[in-house]
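Below, each chain spelled out in residue letters.
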Amino acid sequence: DQIAEIHTRGHIELVKTACEKNNSALEMDTPISPLSYAAALKAAGAGIHAVESVMSGKIKRAFCAVRPPGHHAEKDRAMGFCLFNNIAIASKHALKNGAKKVAIVDWDVHHGNGTQHSFESDTGVLFASFHHWGIYPGTGHQSETGKGGAVGLTINYALPGGTGDGKYLSIMRDDLVPKLKGFKPDLVLISAGFDAHEADPLGGMGVTDEGFIEMTKLLMELADETCNGNIVSFLEGGYNLSTLGKTVALHVKTLMEAR
């Protein structure tokens, strides 16, 4: 029922059945195994549990070290290694359980198309995405700003390859953070993909470990000012397995710092 707040019942059943039948893939870029459905349920459940823990005051910040990732999954389609949209499911759960406004910041190198489409007409969610323009999935142009009464609550920073720390941080500090302050979220969620890392073989964006640490700190400062420090971060992409763990650990260590 919680997943069905974001995805159709037909999509949920399709994923379940395909895994039970041991199909090799749902899409060309979305391989599965017999245990993928169970893993996807736990990944979505981790976000729900984290949101509940933060909103109850039990903890201030949480990190969901989950696979499969989620931000590409559409209402009725799995894509980009994503079966269910973990951060969208957690956002909807938060909104149904006391939060009036949720901010989602996606710094994965690929645009979070599934998350954007889940909330582009929702005045309770601000979605901001930093991504390498022109690569998969081909969405997230800066002209995509939301629909209806939610125009302005979708913010796309479609960036050229090789952008690097300086531009990421200046955009976040000078443009996004002021907009987030104006929005006044009750909860900040992060789609924390690390494929924009300088060592990633696919991203080509040149962000360093220090860059990710500083972006994390900026969002922590924002959350401290607007929502009692409440942050939940979700692991999304990252393709250099020799560096990914280190960068994730630095992100988590930063989130653990007392403020």
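The structure displayed is predicted, hence computed values, not measured ones. (Residues numbered from 1 in each chain as written. Predicted model: local features only at pLDDT ≥ 70, side-chain atom pairs only at ≥ 80, totals over all residues. Heavy atoms only, no water.)

Q: Looking at this structure, I do not really get the pattern of salt bridges. What am I missing?
A: Close approach of charged atoms lets side chains of opposite charge pair. For the structure on display, the rule yields 9 salt bridges. The partner of Lys-147 in a salt bridge is Glu-120, with the nearest N and O atoms 3.4 Å apart. In this pair, Lys-147 sits in the loop between strand E5 (125-132) and strand E6 (154-159) while Glu-120 sits in the loop between helix H4 (113-119) and E5, placing the two residues 27 residues apart along the sequence. For Glu-120, a relative accessible area of 13% corresponds to the buried category. (Salt bridge = Lys/Arg side-chain N within 4 Å of Asp/Glu carboxyl O. Helix = DSSP H or I, 4+ residues; strand = E, 2+ residues; numbered from the N terminus. Buried < 20%, exposed > 50% of the residue type's maximum accessible area, 1.4 Å probe, protein only.)

Q: Would you mind showing me how to read the packing of aromatic side chains here?
A: To describe a pair of aromatic rings, you give the distance between the ring centres and the angle between the ring planes. In total, this model carries 7 aromatic pairs according to the counting rule given. Between Phe-81 and Tyr-239, the ring centres sit 6.3 Å apart and the planes meet at 50°, which makes this aromatic pair tilted. Residue Phe-81 is located in the loop between strand E3 (61-64) and helix H3 (86-96), and its partner Tyr-239 is located in the loop between strand E8 (231-235) and helix H7 (241-256); the two are separated by 158 residues in the primary sequence. Judged by relative accessible area, which is 39%, Phe-81 ranks as partly exposed. With a relative accessible area of 30%, Tyr-239 lands in the partly exposed category. Feature note: the residues Trp-107, Phe-194 and Phe-212 constitute an aromatic cluster, connected by ring pairs. Lying across the ring of Phe-183, Lys-101 places its NZ or CZ 5.1 Å from the centre. (Phe/Tyr/Trp six-rings, centres within 6.5 Å; stacked < 30°, edge-to-face > 60°. Lys NZ or Arg CZ within 6 Å of the ring centre and 35° of its normal.)

Q: Could you clarify how one ought to interpret the environment of His-11 in this entry?
A: Along the chain, His-11 turns up in helix H1 (residues 9-20). Residue classification places His-11 among the buried positions, given a relative accessible area of 3%. Each C-alpha atom, one on His-11 and one on Ser-191, is 22 Å from the other, the two residues being 180 residues apart in sequence. Not counting chain neighbours up to four residues away, the residues in contact with His-11 comprise Lys-75, Asp-76, Arg-77, Ala-78, Leu-83 and Phe-84. (Contact = heavy atoms within 4.5 Å.)

No statement about biological role is implied by the geometric values presented.
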